[in-house]
Amino acid sequence: QVQLVESGGGLVQAGGSLRLSCAASGSIFSINAMGWYRQAPGKQRELVANIVSGGSTNYADSVKGRFTISRDNAKNTVYLQMNKLKPEDTAVYYCKYSGRLYPGAYIKDYWGQGTQVTISS
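Per chain, residues are indexed from 1 in the order of the written sequence. Note on the predicted model: pLDDT of at least 70 is required for a residue's local features to be given, and 80 or more for side-chain atom pairs to be given and counted; whole-chain, interface and lining totals, by contrast, use all residues. With hydrogens and water excluded, all non-hydrogen atoms of the structure serve as input to the side-chain values.

**Structural notes on the side chain of D89**
Step number 1: Helix and strand assignments follow DSSP, with helices taken as H or I runs no shorter than four residues and strands as E runs no shorter than two, numbered in order from the N terminus. Relative to the helices and strands, D89 is located in the loop between strand 8 (77-82) and strand 9 (91-100).
Step number 2: Here a polar contact means two N or O atoms within 3.5 Å. Within protein one must be a hydrogen donor candidate and the other an acceptor candidate, and residues neighboring in sequence count only if both atoms are side-chain atoms. Side chain to side chain, D89 and R66 meet in a polar contact 2.8 Å long.
Step number 3: Setting aside its immediate chain neighbours within four residues, D89 contacts R38, R66, F67, K84, V117 and I119. Contact between two residues is taken to exist if any of their heavy atoms lie within 4.5 Å; hydrogens are not considered.

Dropping the structure here:
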């Protein structure tokens, strides 16, 4: 199994910054992708950004130019630097891990417990 520990959420004013971290531990053989999703009240969970094994990144259009995803492979940790935050960024942010537990295993997905990000206007 894989455990994900998220940190870095909180309350900031519009225009401010936050940095989220997600550390993966456990039975990690290879990581296919790690990323961040968010879910606002009454809305579906949506991709914010992810980074795949080759290093390519994907961002939601709404966060391009403001958020940056990065990773530390040695620590199995992914970061989300969020700048120029807006009230509409308010949501619970979830870390997602996709990877193999051992050679030849199917890729499995794991989710973190979520961290609240609240942006005041």
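**Description of unusual backbone geometry**
Step number 1: For N76, which is not a glycine, the phi torsion comes out positive at approximately 50°.
Step number 2: Among the secondary structure elements, N76 is positioned in the loop between strand 7 (67-72) and strand 8.
Step number 3: The backbone of K84 shows a phi angle near 50°, a positive value even though the residue is not glycine.
Step number 4: The topology assignment puts K84 in the loop between strand 8 and strand 9.

**Topic: the environment of K108**
Step number 1: Assignment of secondary structure puts K108 in strand 10 (residues 108-111).
Step number 2: Exposed residues in this analysis have more than 50% of their type's maximum accessible area, buried residues have under 20%, and partly exposed residues fall in between, with area computed by a 1.4 Å probe over protein chains only. For K108, a relative accessible area of 36% puts it in the partly exposed group.
Step number 3: Expressed as a C-alpha distance, the spacing of K108 and S98, which sit ten residues apart in the sequence, is 5.5 Å.
Step number 4: When residues no more than four places from it in sequence are discounted, the contact partners of K108 are Q1, Y97, S98, G99 and L101.

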